[in-house]
Amino acid sequence: MYVECYDEVGAQVYDTLLRHALQDLKLARAISAVKLFIDPRDALFIGVVKLEKASQPIYLTDMASYVIEDNVLKIKIENENYLPDLLRVLWSKEGRVNVSQPDRYKIEIKNPTVDAENLMIIDPSHELKRKVYDALFRVMPEGFRMTRNASEGNLICFMSSDEIIDEKWNKKFEEVIEEVKNM
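Our subject in this report is the structure included herewith.

1. What to know about the environment of Glu4
And step 1. Mapped onto the elements, Glu4 comes out in strand β1 (residues 2–4).
And step 2. Separated by 35 residues in sequence, Glu4 and Asp39 have C-alpha atoms that sit 8.5 Å apart.
And step 3. Looking at Glu4, its side chain comes within polar contact range of the side chain of Lys172, at 3.2 Å.

Here you go:
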């Protein structure tokens, strides 16, 4: 983890803020490299985070068995840990009124449209990226609304300012991205 700023005290403060945000969100082991570049004189904040590989997604077949009888998808819950997530996904895809739960271990859907075999319940990489953005927004100076996002793959790359971002900062943004890629 590295914070670059012309002001050493400011860099230490941002380092502390970042460490606290990562600790609060339980991200320490999910990140392999982080670099922040802050220049308060030009109102610029750059944050680049390199992520470790996330856990595998959880599919319906990982937590339940199912059959389709008379155009009704009948799901038998085998692992309740993901039941709230399953219901959230089914309500979103099928509509809450179409999802019936006769008891704790059964869910039924008449005329289902979902592909039960490939139904993803949880995508850990999506949740991990959401938490990293949350950490960056916690550290970013208040009022920095102009942003540029160059995230790709396992890199979260974010630049922001309280003014229109000057083209001269794109080079620094690319430098920080390359530096973190090679860490």
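2. Some words on the packing of aromatic side chains
Two measures describe an aromatic ring pair: the distance that separates the ring centres and the angle between the ring planes.
And step 1. Enumeration over the complete set of coordinates arrives at three aromatic pairs.
And step 2. With centroids separated by 5.9 Å and ring planes inclined at 45°, the aromatic side chains of Phe37 and Trp169 adopt a geometry described as tilted. Note that Phe37 is positioned in strand β2 (residues 31–39) and Trp169 in helix α5 (residues 168–181), a separation of 132 residues in sequence. Taken as a pair, Phe37 and Trp169 share a single burial class, namely buried.
And step 3. With a centroid separation of 6.3 Å and 80° between ring planes, the pair formed by Tyr133 and Phe158 is classed as edge-to-face. Remark: Phe158 occurs in strand β11 (residues 155–161) and Tyr133 occurs in helix α4 (residues 124–139); sequence separation between them is 25 residues.

3. Observations concerning the sheet that holds β11
And step 1. Strand order in this open sheet of five strands is β1-β2-β3-β11-β10, and the pairing throughout is mixed. Pairing within the sheet leaves two strands with one partner each, and these edge strands are β1 and β10 (146–149). When the angles between neighbouring strand axes are averaged without regard to direction, this sheet yields 10°.
And step 2. The sheet strands contacting helix α1 (residues 8–24) are β1 and β2, and the helix crosses β2 at an angle near 140°.
And step 3. Contacting β1, β2, β3 (44–51), β10 and β11, α5 crosses the sheet at an angle of about 25° to β3.

4. A word on the pattern of salt bridges
And step 1. Counted under the stated rule, the structure contains 16 salt bridges.
And step 2. Note that Arg41 is salt-bridged to Asp39, the shortest N-O span being 3.2 Å.
And step 3. For Asp39, a relative accessible area of 5% gives the class buried.
And step 4. Between Asp134 and Arg138 there is a salt bridge, and its shortest N-O distance comes to 3.2 Å. Of this pair, Asp134 and Arg138 both sit in helix α4, separated by four residues, roughly a single helical turn.
And step 5. Classification of Asp134 as partly exposed rests on a relative accessible area of 25%.
And step 6. When salt bridges that share partners are traced, they join Glu4, Lys35, Lys172, Glu175 and Glu179 into one network.

Criteria and thresholds
- Residues numbered from 1 in each chain as written.
- Predicted model: local features only at pLDDT ≥ 70, side-chain atom pairs only at ≥ 80, totals over all residues.
- Heavy atoms only, no water.
- Helix = DSSP H or I, 4+ residues; strand = E, 2+ residues; numbered from the N terminus.
- Polar contact = N/O pair within 3.5 Å; in protein donor to acceptor, adjacent residues only side chain to side chain.
- Phe/Tyr/Trp six-rings, centres within 6.5 Å; stacked < 30°, edge-to-face > 60°.
- Buried < 20%, exposed > 50% of the residue type's maximum accessible area, 1.4 Å probe, protein only.
- Pairing = 2+ DSSP bridges.
- Axes fitted to C-alpha atoms, helices over the stretch in contact; angles between N-to-C directions.
- Contact = heavy atoms within 4.5 Å.
- Salt bridge = Lys/Arg side-chain N within 4 Å of Asp/Glu carboxyl O.

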